Amino acid sequence: MRRLFLILGNDVRRHLKAPLVVAIFIVIPLAMTGLIGVVFGPRTEGSQLPPIAVLLVDHDKNLVSKFLLGAFDVDQMKKMFQVTVTDEPEGRKRMEAGKASAMVVIPERFTLDLLEAKPTTLLVVKNPAEQFLPDVVEEFMNTLAVILSGAIQAFAEEARGIRAMIDSPLASISWEALGPELGKAQKKMTSAEKYLNPLLIRLREEETQAAGARTRFTQADLFSIILPGMAIMFLLFIVQTLMRDILSERDDGKLRRMLTTPLRPLELIGARLLGGWVMGVAVLLVMVGVGTLIFRVTWGPFGYFLILGGTASFWTAAFFALFYALVRNRNQAGALGAPIILAFSLFGGSMMNPEAMPKAFRAVGILTPNRWFIDGAAAVRDGRFPLASLVILAGTGLILLALAVPALGRRTSV
Amino acid sequence: MAWNDLRIMVGDKVFFFWTLAFPILFIVVFGLLYKASGNAPAVAELTVVNLDQGRWGAYFVDKIKSPGIDVVLAASEPAGYNRLLVLPADFSEKIEARRDQALAFKKRSDASTKAAARVETRLYQAIARVISELVLYGGADLKQFWDGHPEFRDLVLVKSQFPENTVTVVPSGFDHSVPGTTVQFIMMMVLIYGGITVMEERKKGILGRMLFSPLSTGELFQAKLLGRWLMGLLQALMLIVVGKIFFRLNLGSFSLSFLVIAVFALAMAALSVFIGSLCTKEDMIIGLAVLGSNIFAALGGCWWPNEIVSPAIRKAAMVSPAYWAMDALHKLTFFRGGPADILPHLGILLALSIVLAVVAGRHFKIRD
């Protein structure tokens, strides 16, 4: 046992002398977490989307088109849309260059047609390279269209009056006759106010989660979701790199020389396994520390997380022990190792939210350590003990270990 | 020599995994993901719990219904839903008394935001329709509303289209994921494969031995650069062909798209020779390549549409070579752009290639 710990200590010292590679592999998940968190994190401005560039072409230049322009000028809309009024040739040029998310074209006679209660059409030209923002503009215009349609119908008589006034010379308007009409309009306005101020039917929005728990979602919450997935992916990469000694020592003859000493093969195997495990836990702890300090990541009860991290590291060490026992040489290990890790990560939810994946991919995901670690970390974050994840990771880890030790024993004695 | 480098790489079965099989897996996953999240489900689901004791609840639900919304009625709040609207028991009573009310609209945070936005918009439209009818109806007793009332008419319609001379059909998820994955994997694989082979050939003395041939150091550098460039081109060609055959990829002008990728691959080839000349460990090259290519790919719009990121990040993205390649490909793919549209992009990528090639040439080492 003493010899096992001596080898382990020596290995750890050796790796600490050249920490650059491990450091790079620790930096990658942290950098990726930071980037994804900054891009997708909740924004302080209240809107989840950046300001949407909209071009507005007004061929009407009349009463109702002014109302439409005004709708974009309300405080809430100003935050959401960045409107530029332009002419059609310039607007089309800019749309064809992809300089805006959408262009709204108000047709000629828009006001007159509406005042005459004739159907009219607004055109929304959408940026084909964008997937979300043009649709937001289209939906907003649809809502404005309904409001305008309703307003025109509600004040149809008044609209007809205004229409008549637009075409009539000022001198021909009978101001005496306007009095009762204005009185009627005032009554309607007063009546409408009952429905509009405050709005008769409003929506009280609420964001819920499946468990019906928390509704507020902060950037730290997002980091807390992303980092465990990234951490397990790069834990696999790091342990793979560290445990490559199993192969390289065999290839370059170190192993043969070591076995001329009183060392037993089992002690060597134990040292390599323990080394992978201990270094894995150490790497995870560094990620936990940096994640907490930089991203304010919450991990839940630390003891639970430590048990989960320790079990995941054990699984990883056992897996790569078996892997290195089965591959023939470094080239084969290099060729197969990274694809396996990337496949684990892709299907297991390290690269994307498993909920967003196709069902078949999610089913494959349960065969990966990433998925169980991510699920376990989520459970710990919610304050629960990650029993299912621990049972699966520890159980399959033990099976891998049981297969790896005799296989490595055979390779070591060669 | 460049041809020989390419032949050796192609002879490695793993090369095909990394340059073809794995990127295709990415294309499929991200293509489906773009489809699922970018374009909301064809029909957005809304669960409605109508507890209303009168007739207004059902009337309001009718106003919500549209081809894009699947209204599912439930007696009580179900455990599983994506979006839920609750009409309270006194919904009609309050309307008839002309008393304002707020309806609970619950959205699951993990459900499609686009579908939620579609439903929400429809709800606002339904509210606008009902209120318009109420205003039209006037101040009379609302209990008599059902005996006869004016119907809402859509006087203002909205028609949407893409700009002229651009695409005519809605781009699929694969139209986004194929170029993104191609750019990302060219970056990653040229850097990893190209860098490692330069380093190994130097460490094993292969580069040194090559100088016994009539080659000069400069020619050796050019050959290494060319070999890695050819590798990037081959990878791009394979992915584009697969994209065209299996995912109906439409890149607009094939020759211009390939030109963009070629100039981008040249920059990456130069960077790979530079990394291979500087680094002495394989793992370090892999680490740097993975770090750099992932960050540049994410910033450059290979992973998600750049439209959703903040203007500050969009500006920062300009430091990524992937940004210029992706933006040029978007211009060609979605806007059916011509040479003039991508000239600035080509200029920037070419300038980057020249700078990187000069730097790589100066640091190119034959021996450690």
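Criteria and thresholds
Residue numbers here run from 1 along each chain, matching the order of that chain's written sequence. Working convention: letters from A go to chains and numbers from 1 go to ligands, in the order in which they are written. Selection of residues for local features in this predicted model requires a pLDDT of at least 70, selection of side-chain atom pairs for listing and counting requires 80 or more, and totals for whole chains, interfaces and linings are taken over all residues. Secondary structure elements are defined from DSSP: runs of H or I of at least 4 residues count as helices, runs of E of at least 2 residues count as strands, and each element is numbered from the N terminus. Throughout, the radius of gyration refers to the C-alpha atoms, and the reference size of a globule is 2.2 Å times the residue count to the power 0.38. With C-beta atoms placed from the backbone, the exposure class of a residue follows from how many other C-beta atoms lie within 10 Å of its own: 20 or more, buried; 12 or fewer, exposed; in between, partly exposed. Residues are treated as contacting if the C-beta atoms built from their backbones sit within 7 Å of each other. Criterion used throughout: strands pair if DSSP finds at least two bridges between them. Axes, fitted as lines to C-alpha atoms, cover a helix only where it is in contact. Angles between the N-to-C directions of the axes lie from 0 to 180 degrees. Residue type decides the class: Asp, Glu, Lys and Arg count as charged, Ala, Val, Leu, Ile, Met, Phe, Trp, Tyr, Cys and Pro as nonpolar, and the leftover types, Gly among them, as polar. In this entry, domain limits derive from an automatic or database-based domain assignment. Expected helix span is taken as 1.5 Å per residue step, with the number of steps being one fewer than the number of residues. Note on definitions: a nonpolar core is a set of buried residues drawn from Ala, Val, Leu, Ile, Met, Phe, Trp, Tyr and Cys, linked by C-beta atoms within 7 Å. We call a crossing left-handed when the near helix sits turned anticlockwise from the far one by less than a right angle, and right-handed when that turn is clockwise. Here the angle decides the label: under 35 degrees means roughly parallel, over 145 means roughly antiparallel, 65 to 115 means roughly perpendicular, and every other value means oblique.

Undergrad: So what exactly am I meant to see when it comes to the overall build of chain B here?
TA: Helix and strand counts for chain B come out as 13 helices and 5 strands. Against the 2.2 N^0.38 benchmark of 21 Å for 368 residues, chain B shows a C-alpha radius of gyration of 29 Å, more extended than a compact globule. Counting only C-alpha atoms and orienting by the principal axes, one finds that chain B spans roughly 105 × 45 × 35 Å. Counting across all 368 residues of chain B, residues that qualify as buried make up 48%. Put simply, of all contacts in chain B between residues at least 6 apart along the chain, 82% involve residues at least 24 apart.

Undergrad: Quick question: what am I supposed to make of the overall build of chain A here?
TA: A count of helical and extended segments in chain A gives 18 helices and 5 strands. Taken against the 2.2 N^0.38 rule, which gives 22 Å for 414 residues, the C-alpha radius of gyration of chain A at 33 Å runs more than 25% over that of a compact globule. Considered along the principal axes of its C-alpha atoms, chain A spans approximately 120 × 45 × 35 Å. Buried residues in chain A amount to 43% of all 414 residues. Taking as baseline every contact in chain A between residues at least 6 positions apart, the subset at least 24 positions apart corresponds to 80%.

Undergrad: Please explain the sheet that holds strand β1 (residues 52-58) of chain A as it appears in this structure.
TA: Strand-to-strand pairing in sheets goes through backbone hydrogen bonds, with the strands running parallel or antiparallel. One open sheet accounts for 5 strands, arranged β2(A)-β1(A)-β3(A)-β4(A)-β5(B); its pairing is mixed. If you trace the sheet from one side to the other, it starts and ends with β2 (81-86) of chain A together with β5 (156-161) of chain B, each paired once. Within this sheet the neighbouring strands show an average axis-to-axis angle of 25°, counted without direction. Bridge count between strand β4 (residues 120-126) of chain A and β5(B): 6 bridges; the pairing is parallel. Residue pairing across strands places Val125(A) opposite Gln161(B), the latter belonging to β5(B). Strand contacts of helix α5 (residues 88-96) of chain A: β1, β2, β3 (102-106) and β4 of chain A, with the helix running at about 155° to β1(A), the strand carrying the most contacts.

Undergrad: Can you help me understand the pairing of strand β4 (residues 101-108) of chain B in this one?
TA: Relative to β4(B), strand β5 (residues 201-208) of chain A is paired through 8 bridges, and the arrangement is parallel. Each bridged residue has a counterpart across the sheet, and for Ile201(A) the counterpart in β4(B) is Gln101(B). Two strands pair when backbone bridges link them, and strand β3 (residues 83-87) of chain B and β4(B) are joined in this way by 4 bridges, in the antiparallel orientation. Paired with Val86(B) across the strands is Ala104(B), a residue of β4(B).

Undergrad: Would you take a moment to explain the interface of chain B and chain A for this structure?
TA: How big an interface is tends to be expressed through the accessible area that disappears when the partners come together. Of the residues lining the interface, 80 residues belong to chain B; the matching set on chain A comes to 78 residues. Contributing elements (two or more residues each) for the side of chain B that touches chain A: α2 (13-38), β4, α5 (113-137), β5, α10 (282-300), α11 (311-316) and α12 (321-333) of chain B. At 16 residues, the largest contribution of residues to the side of chain B that touches chain A is made by α5(B). Residues that form the side of chain B that touches chain A fall into these classes: 45 nonpolar, 18 polar and 17 charged.

Undergrad: What am I meant to see in the domain arrangement of chain A here?
TA: Here chain A is described as being made up of domain 1 (2-41 + 221-413) and domain 2 (52-196). The C-alpha-based centres of domain 1 of chain A and domain 2 of chain A are spaced at 60 Å.

Undergrad: Teacher, can you tell me more about α12(B) here?
TA: An α-helix turns once every 3.6 residues. As a result, residues three or four positions apart point the same way. Under the 1.5 Å per step criterion, the end-to-end length of α12(B) is 18 Å for 13 residues, consistent within 8% with the ideal 18 Å. Judged by how many residues are buried, α12(B) sits mostly within the fold: 13 of 13 residues are covered.

Undergrad: Would you take a moment to explain the domain arrangement of chain B for this structure?
TA: When the domains of chain B are assigned, the result is domain 1 (2-37 + 170-363) and domain 2 (40-147). One C-alpha centre belongs to domain 1 of chain B, the other to domain 2 of chain B; they are set 51 Å apart.

Undergrad: Would you explain the nonpolar core in this entry?
TA: Side chains of nonpolar character tend, in soluble globular proteins, to be buried together. Membership of the largest hydrophobic core comes to 149 residues, with the highest contact counts inside it found for Ile186(B), Phe264(B), Ala270(B) and Ala325(B). A per-element tally of this core places helix α10 (residues 219-242) of chain A first, with 16 residues. Aside from chain neighbours lying at most four places away, what touches Ala325(B) is Val183(B), Val260(B), Ile261(B), Phe264(B) and Leu349(B). Of all hydrophobic cores here, the second largest spans 68 residues; its members include Ile52(A), Phe110(A), Leu122(A) and Val48(B).

Undergrad: Would you explain helix α2 (residues 20-40) of chain A in this entry?
TA: In a regular helix each residue adds 1.5 Å, so 21 residues correspond to 30 Å; α2(A) covers 30 Å between its end C-alpha atoms and thus fits that length. When we look at burial in α2(A), the residues that qualify are Val21(A), Val22(A), Ile24(A), Phe25(A), Ile26(A), Ile28(A), Pro29(A), Leu30(A), Met32(A), Thr33(A), Ile36(A) and Gly37(A). Looking at the buried side of α2(A), the elements it contacts are α1 (2-17), α10 and α13 (265-295) of chain A together with α10 of chain B.

Undergrad: Would you mind going over unusual backbone geometry with me for this structure?
TA: When glycine is set aside, most residues are seen to have a negative phi, and most peptide bonds are trans. Residue and element names in this part refer to chain A. Omega for the bond connecting Asn197 with Pro198 falls within 30 degrees of zero, at -5°, which places this linkage in the cis form. Considering the arrangement of structural elements, one finds Pro198 in the loop between α9 (175-196) and β5. Within the chain, Arg109 stands out as a residue other than glycine whose phi angle is a positive 60°. Checked against the element boundaries, Arg109 lands in the loop between β3 and α6 (110-115). Look at Arg109 and you get partly exposed, because 14 C-beta atoms sit within 10 Å.

Undergrad: So what exactly am I meant to see when it comes to the packing of α10(A) against helix α17 (residues 369-381) of chain A here?
TA: All names here are of chain A. Here α10 crosses α17 at 145°, and the two axes come no closer than 9 Å. Seen along the crossing, α10 lies across α17 with a hand that is right-handed. From α10, Ser224, Pro228, Gly229, Ile232 and Met233 reach across to α17, where they touch Pro369, Asn370, Phe373, Ile374, Ala377 and Arg381. Taken together, the residues of the contact of α10 with α17 sort by class into 7 nonpolar, 3 polar and 1 charged.

Undergrad: I'm lost on the packing of helix α6 (residues 173-203) of chain B against α12(B) in this one. Help?
TA: Relative orientation and spacing of two packed helices are given, respectively, by the angle between their axes and the distance between those axes. Residues and elements named next belong to chain B. Where α6 contacts α12, the two axes come as close as 10 Å, and the packing angle between them is 150°. It follows from the interaxial angle that α6 and α12 lie roughly antiparallel. Note that α6 runs across α12; the crossing there is right-handed. Seen from α6, the contacting residues are Asp175, Pro179, Gly180, Val183, Gln184 and Met187; seen from α12, they are Ala322, Ala325, Met326, Leu329 and Thr333.

Undergrad: I keep staring at the environment of Phe320(A) and nothing clicks. Help me out?
TA: Residues and elements named next belong to chain A. For Phe320, the location among the structural elements is in helix α14 (residues 302-326). It is 7.6 Å that separates the C-alpha atoms of Phe320 and Val239, two residues lying 81 residues apart in sequence. If near-sequence neighbours (up to four positions away) are discounted, Phe320 is found in contact with Val239, Gln240, Met243 and Gly276.

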